Amino acid sequence: RFIKIAPDIKITFQFVLHDYIFSNGIVLGKKHIKYVFKQILLDFSIGAKTNVGYGQLTESLPVS
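Each value, and the rule that gives it
- Residues numbered from 1 in each chain as written.
- Predicted model: local features only at pLDDT ≥ 70, side-chain atom pairs only at ≥ 80, totals over all residues.
- Heavy atoms only, no water.
- Phe/Tyr/Trp six-rings, centres within 6.5 Å; stacked < 30°, edge-to-face > 60°.
- Helix = DSSP H or I, 4+ residues; strand = E, 2+ residues; numbered from the N terminus.
- Buried < 20%, exposed > 50% of the residue type's maximum accessible area, 1.4 Å probe, protein only.
- Salt bridge = Lys/Arg side-chain N within 4 Å of Asp/Glu carboxyl O.
- Patch = residues over 30% accessible without salt bridge, like charges linked within 9 Å, V, L, I, M, F, W, Y side chains within 5 Å.
- Areas by Shrake-Rupley, 256 points an atom, 1.4 Å probe, with all protein chains shown as cover.
- Expected span 1.5 Å × (residues − 1).

Participant: Could you give an account of the packing of aromatic side chains, naming the residues involved and the relevant values?
Facilitator: For the coordinates displayed, the defined rule picks out 2 aromatic pairs. Both rings, one in F15 and one in F37, keep their centres 4.9 Å apart while their planes meet at 80 degrees; by these two values the pair is edge-to-face. Taken together, the residues span a long stretch of sequence, with F15 in the segment before β1 (20–21) and F37 in helix α1 (residues 30–44) at a distance of 22 residues. We classify F37 as partly exposed; its relative accessible area is 33%.

Participant: Lay out the pattern of salt bridges with the relevant residues and their values.
Facilitator: In total, this model carries 1 salt bridge according to the counting rule given. The closest approach of N and O atoms between K38 and E59, which form a salt bridge, is 3.0 Å. With K38 in helix α1 and E59 in the segment after α1, this residue pair connects regions lying 21 residues apart in the sequence.

Participant: Tell me about a nonpolar patch on the surface, residues and numbers included.
Facilitator: A cluster of nonpolar side chains, I3, I5, I9, I11, F13, F15, Y35, V36, F37, I40, F44 and I46, forms an exposed patch at the surface whose accessible area comes to about 1200 Å². Its place among the elements puts I9 in the segment before β1.

Participant: Explain α1 residue by residue, including any values.
Facilitator: In a regular helix each residue adds 1.5 Å, so 15 residues correspond to 21 Å; α1 covers 21 Å between its end C-alpha atoms and thus fits that length. Following α1 by one or two positions, S45 adopts a phi angle in the positive range, close to 65 degrees.

Structure below.
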């Protein structure tokens, strides 16, 4: 069994992000980490059956 979310449902992801400092002193800023998380969700999707089109996410623009 799989949980199904109807099309056109908006999902908001929230992460608590912090800058990451590598042992060699290079800093990976939270803006870059947010970008990487976003790209992972958009490029690789989430959940099961992504190879047949389920779990595909698209980005929607914020409503103002």
